[in-house]
Amino acid sequence: MHYFALFYDVIDDYVAQRALYRDQHLKHANAAYERGEIVLAGALADPVDRALIVFRGADASVAEAFAQHHPYVLNGLVTRWEVRPWTVVIGGDP
């Protein structure tokens, strides 16, 4: 398995605007977590201008599909997203 980092750039008033879609977001993210795709997820703080979700999978398509169907992306809270392969040196699966 490989690791992939999904980066989101979010709108300026992201914290206030996400409330409307938060339940959909949590349902989407928890389903991916339960399937073993998401390892860690959360917003970056001070300022809250980006989010990071770490995925584990055979290739980047799992992270890309997640972003393409994510409520925050579909409803304009995410202004840009990017998936990058992540080479884990310490931690993770053996």
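## Remarks on the pairing of strand β3 (residues 50–57)
Of the strand pairs in this sheet, strand β1 (residues 2–10) and β3 are connected by eight bridges, and their pairing is antiparallel. Its bridge partner lying in β3, Asp-9 is registered against Arg-50. Pairing analysis gives five bridges linking strand β2 (residues 38–43) to β3, with the strands arranged antiparallel. Following the sheet pairing, Ile-38 is matched in β3 by Phe-55. Between β2 and β3, which follow one another and run antiparallel, lie six residues, and Asp-46 among them has a positive phi close to 55°.

## Considerations on the side chain of Asp-9
Summarising the element assignment, Asp-9 is placed in strand β1. The class of Asp-9 is buried, set by a relative accessible area of 18%. A polar contact of 2.6 Å, which involves the side chain of Asp-9, links it to the side chain of Arg-50. Those residues in contact with Asp-9, other than ones at most four positions away along the chain, are Asp-49, Arg-50, Leu-77, Val-78, Thr-79 and Arg-80.

Rules used in this analysis
- Each chain has its residues counted from 1, following the order in which its sequence is written.
- In keeping with the predicted nature of the model, local features appear solely for residues at pLDDT of at least 70, side-chain atom pairs appear and are counted solely at 80 or more, and the whole-chain, interface and lining totals rest on all residues.
- Processing note: side-chain calculations cover all non-hydrogen atoms of the structure and skip hydrogens and water entirely.
- Pairing between strands requires that DSSP locate at least two bridges from one strand to the other.
- By definition, any uninterrupted DSSP run of H or I lasting at least four residues is a helix, any uninterrupted run of E lasting at least two residues is a strand, and each is numbered from the N terminus.
- Only protein chains enter the calculation, and the probe is 1.4 Å; a residue is then buried if its accessible area is under 20% of its type maximum, exposed if over 50%, and partly exposed in between.
- Any N or O atom pair separated by 3.5 Å or less is treated as a polar contact, with the protein-specific requirement of one donor-capable and one acceptor-capable atom, and with residues adjacent in sequence counted only for side-chain atom pairs.
- Here, residues are in contact when the closest pair of their heavy atoms is within 4.5 Å.

Note that all results are geometric; they support no functional claim without further evidence.
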